[in-house]
Amino acid sequence: MRLKKVMLLTVGLMLAVSMTACGQKQNTESKQEDTARSESSSESEKEKKDEPAETVDGSAVEPEEEIPANQNLLTGVADLTKGAIGKRPVAVMVNNVSYAMPQYGVGQADIIFEIPVEGDATRFMALYGDYTQVPQICPIRSCRYYFPALSQGFDAFYVNWGIDDTIADYLEALDLDQIEGITNTGGLFGRDQERLSQGYSLEHTGYFDGTKLVSYIESQGLRTDLSEDKKGAAFQFNGMEEQLKAEGSDCTSVQINFGAQSSQFTYDPDKKVYFKQINGENQIDGKTGEQLAFTNVFVLETDISVRDDVGRKKIDWDGGQDSVGYYVSNGGVQKITWSKDPNNEKSYLRFYDESGQEISINRGKSYIALNYKNQAIFE
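To keep things clear, this report deals only with the structure shown in the data block. (Residues numbered from 1 in each chain as written. Predicted model: local features only at pLDDT ≥ 70, side-chain atom pairs only at ≥ 80, totals over all residues. Heavy atoms only, no water.)

1. Quick notes on the side chain of Glu345
With respect to the helices, strands and loops of the structure, Glu345 is situated in the loop between strand E21 (332–339) and strand E22 (350–352). Comment: no salt bridge for buried Glu345; closest opposite-charge side chain is Lys340, at 7.2 Å. Setting aside residues up to four positions removed in sequence, Glu345 forms contacts with Ala149, Gln152, Gly153, Tyr170, Leu174, Trp317 and Lys340. (Helix = DSSP H or I, 4+ residues; strand = E, 2+ residues; numbered from the N terminus. Buried < 20%, exposed > 50% of the residue type's maximum accessible area, 1.4 Å probe, protein only. Lys, Arg positive; Asp, Glu negative; His and termini not counted. Salt bridge = Lys/Arg side-chain N within 4 Å of Asp/Glu carboxyl O. Contact = heavy atoms within 4.5 Å.)

2. Considerations on unusual backbone geometry
Looking along the chain, the bond that leaves Met101 and enters Pro102 is cis, with omega of -5 degrees. Within the secondary structure, Pro102 sits in the loop between strand E3 (90–95) and strand E4 (111–116). Following Cys138, the chain continues into Pro139 via a peptide bond in cis, with omega recorded as 0 degrees. Within the secondary structure, Pro139 sits in the loop between strand E6 (136–137) and helix H2 (146–151). A positive phi angle, close to 60 degrees, is found at Asp175, a residue other than glycine. Among the secondary structure elements, Asp175 is positioned in the loop between helix H3 (168–174) and strand E8 (178–180). With relative accessibility at 59%, the residue Asp175 sits in the exposed group.

3. Details of the pattern of salt bridges
Scanning the entire structure with this criterion turns up 17 salt bridges. With a shortest N-O distance of 3.9 Å, Asp308 and Arg307 are connected by a salt bridge. For Asp308, a relative accessible area of 19% gives the class buried. Residue Arg307 is classed as partly exposed on the basis of its relative accessible area of 32%.

4. Some remarks on the pairing of strand E14 (residues 273–278)
The buried count for E14 comes to six of six residues, which makes it a mostly enclosed element. Neither face of E14 is open: one carries Val273, Phe275 and Gln277, the other Tyr274, Lys276 and Ile278, and all of them are buried. The pairing of strand E13 (residues 262–268) with E14 spans six bridges and is classified as antiparallel. When the bridges of E14 are listed, Asp268 appears paired with Val273. Where E14 meets strand E15 (residues 281–282), two bridges bridge the pair, whose relative direction is antiparallel. From the neighbouring strand, Ile278 faces E15, where its bridge partner is Glu281. The turn joining E14 and E15, which pair antiparallel and follow one another in sequence, is formed by two residues; a positive phi near 50 degrees is taken by Asn279. (Pairing = 2+ DSSP bridges.)

So this is what it looks like as structure tokens:
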């Protein structure tokens, strides 16, 4: 009897050990299966992330590129201060004759328009995408009607010193937020005493103090938010990391003849910009000492004529399907057409390839010339 009890106890212990071992094995196998399933799921998710998204018809497309909130709408570069996001840019009229050199403040402009005025000299309209970072700019000059016709397309504040009385009604109809040097009492304008002492003529000494612009705008209660139709990029840009050659011939040199003066651009392949000269001399910002440089150069041919006995110009600023232009960037030049709605100065300026498709341009600063036809050489 005692032997039987011992045997039963031994069998019981063996069964207990066996069941425990079996349970441990099952737990281990279960954990291994859970780990495998987890790893498989993770790999599956990673594969899904790595794979391009699919459209409805099943074709693969790349995921849409994320554009930073502080993208400068004039350049496509993410460099806006927080206070300038969604805010209006500033357009400033700048004297651009040899006697006025060197200008200052223009090196910080995001876009520069150069267009003939009386006597076929030229004037700059410099645009700044961040209204909180506009520098002191000199020398400031007067308005000609085709400049605000272009600035309105960017919903910009318009800064000038001097008025062409023959266009007063036109400017009023544009409903400009115009900041004008003759009538402004906000301390934004003055005469550069150093330039006066150096013998500059009076018209080459007027400056605009952009560092005071924010407080002035606030004191006047001017609208700072961009209009709803201007909250997108001013141009169609290439990808954030793309730097593409303009489709066409090689182009490392551009020469533009305006009549009384000329502009030249020379490509630097290392910096991927075109450095500007005026009448064969490097065009320098007088405060920074740096030569003006642009990622993109546009030459837009148009009809220009004299409209009065003073020699003021009449300029076709709206282009059209038959317009001719050239886009120069990253060592290449592409023939384009260009247009702007002739019935709406607030419309965008657009650029198209010869098939009629809007082109994409490289991110960076742009120079835009409106000039007589067949007066540019690309080499």
